Amino acid sequence: MEGLQLRQVCASRGHREVLHGLDLAVARGELLVVLGPSGAGKSTLLRVVAGLEPATAGAVVIAGRDVTRLRPGRRNVSMVFQSHALFPHMTVAENIGFGPFVRGESRHEVRERVARAAIAVGCGLLLDRRPDQLSGGERQRVALARALVREPDVFLLDEPLSNLDAELRAETRGELKALHERVGTTMVHVTHDQVEALILGDRIAVMRAGRLEQTGTPQEIWQSPATTFVARFVGSPAMNLLPGEGPLRPPGMAADPERVVGFRPDAVRLSDPAGADCTGTVYRVDVIGEDAHAYLRIGGDTVVARMPTTTRPAVGDTVAVAVRWDDAHFFDARTERRIAA
Amino acid sequence: MRIDRAPGERRQLALMLAPYLIGLGGLVLVPAVITLVLAFTDYDLIRPPQWIGLGNLAGLAEDPIFRTALTNSLVFAAVAVPARLVIALLLAVLLHRRTTFVGTARTVAAAPYAMPEIAYGLLWLWLFNPIYGPINQLLQIGGKDGLTALRRIPPQWLTDPTHARMAIIVMSLFTIGETFLILLAVRRALPPQVYELAAIEDAMSWDVFRRITLPLMAPVLGLLLLRDTIASFQTSFVPALVVTEGGPPPYATTYLSLFVYRNAFEYLRYGYAAAATLVMLALTLVAVAVQWRLIRRAQRLYGL
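## Things to note about the overall build of chain B
Looking only at helices and strands, one finds 13 helices and two strands in chain B. Each principal axis of the C-alpha distribution contributes one length, and for chain B these read about 80 × 70 × 35 Å. Across the 304 residues that make up chain B, the buried fraction comes to 29%. Taking contacts inside chain B between residues at least 6 apart in sequence as the whole, the part at least 24 apart equals 70%.

Put into structure tokens, the structure is as follows:
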């Protein structure tokens, strides 16, 4: 049985439709990351699942139960907001215990569950503090504990890591994954950070303009992006996408304006003049520690290459460009969909 | 650390502040000091004031009318101030969402505040008329022989002392426009995620109000309580003057402000009135001090 299922879900904001008939199934205990740029409808998707916004068409099914017409409180979901939404006037313990308390559980039971949830996320020593006495990371933990205390059917996480600084984000990412493995609850995690998606997700659903572009394991998303949008969105720097009639195309492929050729920056080699496909001019080099990204102009197109910093070219150099064509992707220029090589 | 200012800038600042400072000094501070001094004199606005020390205060302590006025003012403050605040809060919480006709409803809630006080008083004089006034006409629906449906005599708003006090309080309950607008703005500024979270946790609306809305709005409510308490000695003035004229006997709606006004400008006992003003000021300070302590304690409790 599925932990969460969306069937042909539509949703609107004002008069504008933001979700166009979404079909999505999340297995029980799975961690699904919804990935997309801002404005893609990721947050709306989450809010429709939680019941904070109505589905104008279709059905939301949680743990086999059609909840489309139920109010948020009856769906047995937990949500972590980007802003954490902690109650500023309550202690950490009161924040975590708010749900069980208002649902009328006994004082004793609430205290026990709060302690258990707090220990699970590592904020057991903060229970008497107030939100304004906590750091960003600690608030994050409290928000997680508050979601955890309910033992919900589905966890909904709306960009919970985007308010943290880079180091803390990496650390919390790992803890979140470990937490998911421990509690084994179905999780839907929304993010615009493709690294986060690749690291965290059992599966990734890539969204664009209210539609699903592709759903698959991180490896599938990386190795065989279904559309040019996914190819460009996942990976940094983005995959090179060149028209099929350009100078850079695999040996044996005829010039074909109906096709788009894609290859990742790692597949570009600049050092090998022997088997070079063509030459290009370097117009920008970014150095990120041991990594360097060189931006080349080849005819009218731009190609990014990635290499160790030690072997980087200089700006203005004319270099021989070779591509490892085994890793190339091909897309239909009109539909933007993937086609077999 | 101080920031160095150009000499011209300093002069410019002084020039721009001058109108306000001169007004504040000439129209507020100087008269206040004069009043303070006059409180210890016998002065009828005609002959020069004569120093009588604490004579005025001793006179006040024995004056039954002053004691009635004091009680009236305190009762008015104790009943009207919290009631006005509660009504404004309920309206703000009720009308903060964007729904059909909410704009109209907000305008209606705020409108009486925009009315000139005298016109407002004259309007209520008609509303309260015991025979043809709409309020008593409504109360008589279903009854006969001029009695209400419960076979009671309808309230004699302007002639019965208790009913007259109630009437002044009832009048004050509708001029909450400003408080309502402040609370509406505060409510609308509360973070929506907090409420969405409460909805996900299936909190009932009473719990949401009691555990989230009320504590989050508490600092502003405390401030408004202080402000309205200070103002309450004055808000009863116009209604008492226009609608009930301080009566019905025995001085049922003579509040401190009206007492001061009558003594100063009708009986020409200016020094006596100044002493009463001093008492009013002292009472206000005590009330504010007590409330301030209560508010601070509540803030510590909630860690705000």
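Once the structure has been displayed, the description carries forward.
## Some thoughts on the domain arrangement of chain B
Looking at the assigned domains, one finds that chain B contains domain 1 (1–38) and domain 2 (54–302). A separation of 34 Å is found between the C-alpha centroids of domain 1 of chain B and domain 2 of chain B.

## Some words on the confidence of the model for chain A
Averaged over all residues, the pLDDT of chain A is 91; the fraction at 70 or higher stands at 99%. For chain A, per-element mean pLDDT is lowest for strand E13 (residues 268–269) of chain A, which scores 88, and highest for strand E3 (residues 31–35) of chain A, which scores 96.

## Topic: the domain arrangement of chain A
All names here are of chain A. The domain boundaries assigned to chain A delineate domain 1 (2–233) and domain 2 (241–339). If you average the C-alpha positions of domain 1 and of domain 2, the two centres end up 38 Å apart. If you look at the interface, domain 1 gives eight residues, while domain 2 gives eight residues. Of the residues in the side of domain 1 that touches domain 2, the class split is four nonpolar, three polar and one charged.

## Considering the interface of chain B and chain A
Contacts between chain B and chain A engage 18 residues on the former and 17 residues on the latter. For the side of chain B that touches chain A, the elements supplying multiple residues, two or more each, are helix H9 (192–200) and helix H10 (205–235) of chain B. Counting residues per element, the side of chain B that touches chain A draws most heavily on H9(B), which supplies six residues. Classifying every residue of the side of chain B that touches chain A gives twelve nonpolar, two polar and four charged.

## Examining H10(B)
For the α-helix, the turn length of 3.6 residues means that residues three or four positions removed from each other point alike. Helix length check: H10(B), at 31 residues, gives a terminal C-alpha distance of 34 Å against a target of 45 Å (1.5 Å per residue), a shortfall beyond 12%. Taken together, the buried positions of H10(B) are Ile212(B), Thr213(B), Leu216(B), Met217(B), Leu221(B), Leu224(B), Leu225(B), Asp228(B), Thr229(B), Ser232(B), Phe233(B) and Thr235(B).

## Section: the sheet that holds strand E11 (residues 240–243) of chain A
Residues and elements named next belong to chain A. If you walk across this open sheet you meet the four strands as E11-E12-E18-E19, and the pairing is antiparallel. The sheet terminates laterally at E11 and strand E19 (338–339), the two strands that pair on one side only. Two elements, strand E12 (residues 259–263) and strand E18 (residues 329–332), share four bridges in a ladder whose sense is antiparallel. Its bridge partner being in E18, Val260 is matched across the sheet by Phe331.

Calculation criteria
Residues numbered from 1 in each chain as written. Chains lettered and ligands numbered in written order. Predicted model: local features only at pLDDT ≥ 70, side-chain atom pairs only at ≥ 80, totals over all residues. Helix = DSSP H or I, 4+ residues; strand = E, 2+ residues; numbered from the N terminus. Buried ≥ 20, exposed ≤ 12 C-beta atoms within 10 Å, placed from the backbone. Contact = placed C-beta atoms within 7 Å. Domains from an automatic or database assignment. pLDDT = per-residue confidence, 0-100. Nonpolar A, V, L, I, M, F, W, Y, C, P; charged D, E, K, R; others polar. Expected span 1.5 Å × (residues − 1). Pairing = 2+ DSSP bridges.

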